[in-house]
Amino acid sequence: MIIVFIILFVILYYLSLSRASSRQGYYNFDSIFLFIFLFIRIIHAIISEESNIHKQLPGIIRKAVIEDVTPMKDLINSYAKKEIMLPRSVGELYENIRNFYVYEENGEVVGCCALQVVWEDLAEILSFAVKPECTGMGIGSMLLDASIEEGKNIGVKRAFTLTYVPEFFERQGFSKVEKASLPHKVWVGCIKCPKFPDCNEIALLRYL
Ligand SMILES: CC(=O)SCCNC(=O)CCNC(=O)[C@H](O)C(C)(C)COP(=O)(O)OP(=O)(O)OC[C@H]1O[C@@H](n2cnc3c(N)ncnc32)[C@H](O)[C@@H]1OP(=O)(O)O
């Protein structure tokens, strides 16, 4: 599609140049408008092609179901072993299964993300992971979008996360905040963490 627009753009450019020279240097306004139109179409096509990258992924984002628990546990705990994430037990995952979205491709769980309501208007993004071989393809962004959208629908006004990858969340509209600015309720989870109180996780918050 983009190529068609570019070819049309070039043809019009040469046509209008030849017209302009035959009219002793006067440009035809119709051609100028067509230029602008085609230029805008090219930019639009480039932008929508880029944003379509996510839509071209073969898998689907869906709510997690009971049978996803084992692959979710394996995925999360593979990162937990590297101390990038907190481990989750099978029991915790069953209890919180309704908080999760997964990305499934060819029948396999490739990524997961949970949104857990913690306070009146506040929810936490947690247990967020994509298989190492599938990162950088937009799956994480899609999972986060789905979780945030669900949060909005149930009235969540702010989402926070505690993470070692603040750059990813900053790209997704989150901003760094002081951990101390989060409600005390949040610390209940932290107290269970083996790293507590010497944890270097960074708190980020996004208004939905
Ligand atoms: C709340 C928590 O659970 S925190 C724990 C977060 N999870 C982890 O750290 C586990 C290891 N990492 C992962 O599983 C994944 O890299 C995730 C979940 C962080 C991101 O998933 P991905 O599918 O890779 O994200 P996606 O492809 O949508 O990336 C979106 C953008 O963020 C960037 N990005 C992805 N991961 C990172 C990162 N670790 N640091 C900085 N930028 C990143 C990508 O380059 C991409 O940039 P672009 O839009 O310019 O191309």
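If you check an unreviewed UniProt entry, the protein appears there as N-acetylglutamate synthase from Methanohalophilus portucalensis FDF-1.

Okay, helix 3 (residues 69-81) next. The end-to-end C-alpha distance of helix 3 is 18 Å, a good match for the 18 Å that 13 residues give at a rise of 1.5 Å each. By the burial criterion, the buried members of helix 3 are V69, M72, L75, I76, Y79 and A80. Down the axis of helix 3, the buried side of the element spans an arc of 140°, and every buried residue falls inside it. Residues of helix 3 that are buried make contact with helix 4 (90-95), strand 2 (100-105), strand 3 (108-119) and strand 4 (122-130). Just downstream of helix 3, E83 is the residue with a positive phi angle, here 60°.

A word on the pattern of salt bridges. Enumeration over the complete set of coordinates arrives at 9 salt bridges. E104 is paired through a salt bridge with R62; the nearest N and O atoms lie 2.7 Å apart. You can see E104 sitting in strand 2 and its partner R62 sitting in strand 1 (residues 60-63), a full 42 residues away along the chain. With its nearest N and O atoms 3.4 Å apart, the salt bridge here joins R158 to D121. In this pair, R158 sits in strand 5 (residues 158-163) while D121 sits in the loop between strand 3 and strand 4, placing the two residues 37 residues apart along the sequence. D121 sits in the partly exposed class, given a relative accessible area of 23%. Via salt bridges that share partners, R62, D68 and E104 belong to a single interconnected network.

Attention shifts here to the nonpolar core. Ranked by size, the top nonpolar core spans 22 residues in total, and within it I125, F128, I139, L143, L144, F169 and F174 carry the most contacts. For this core, the secondary-structure elements that each account for two or more residues are strand 2, strand 3, strand 4 and helix 5 (139-153). With 6 residues, helix 5 is the single largest residue contributor to this core. Filtering out sequence-adjacent residues up to four positions away, L143 remains in contact with I61, Y101, V102, Y103, G111, C112, C113, F128, A129 and V130. If you look at the next biggest cluster of nonpolar residues, it comprises 16 residues, including M72, F100, C112 and A114.

Calculation rules
Residues numbered from 1 in each chain as written. Predicted model: local features only at pLDDT ≥ 70, side-chain atom pairs only at ≥ 80, totals over all residues. Heavy atoms only, no water. Helix = DSSP H or I, 4+ residues; strand = E, 2+ residues; numbered from the N terminus. Expected span 1.5 Å × (residues − 1). Buried < 20%, exposed > 50% of the residue type's maximum accessible area, 1.4 Å probe, protein only. Arc of directions from axis to C-beta. Contact = heavy atoms within 4.5 Å. Salt bridge = Lys/Arg side-chain N within 4 Å of Asp/Glu carboxyl O. Core = buried A, V, L, I, M, F, W, Y, C linked by side-chain atoms within 4.5 Å.

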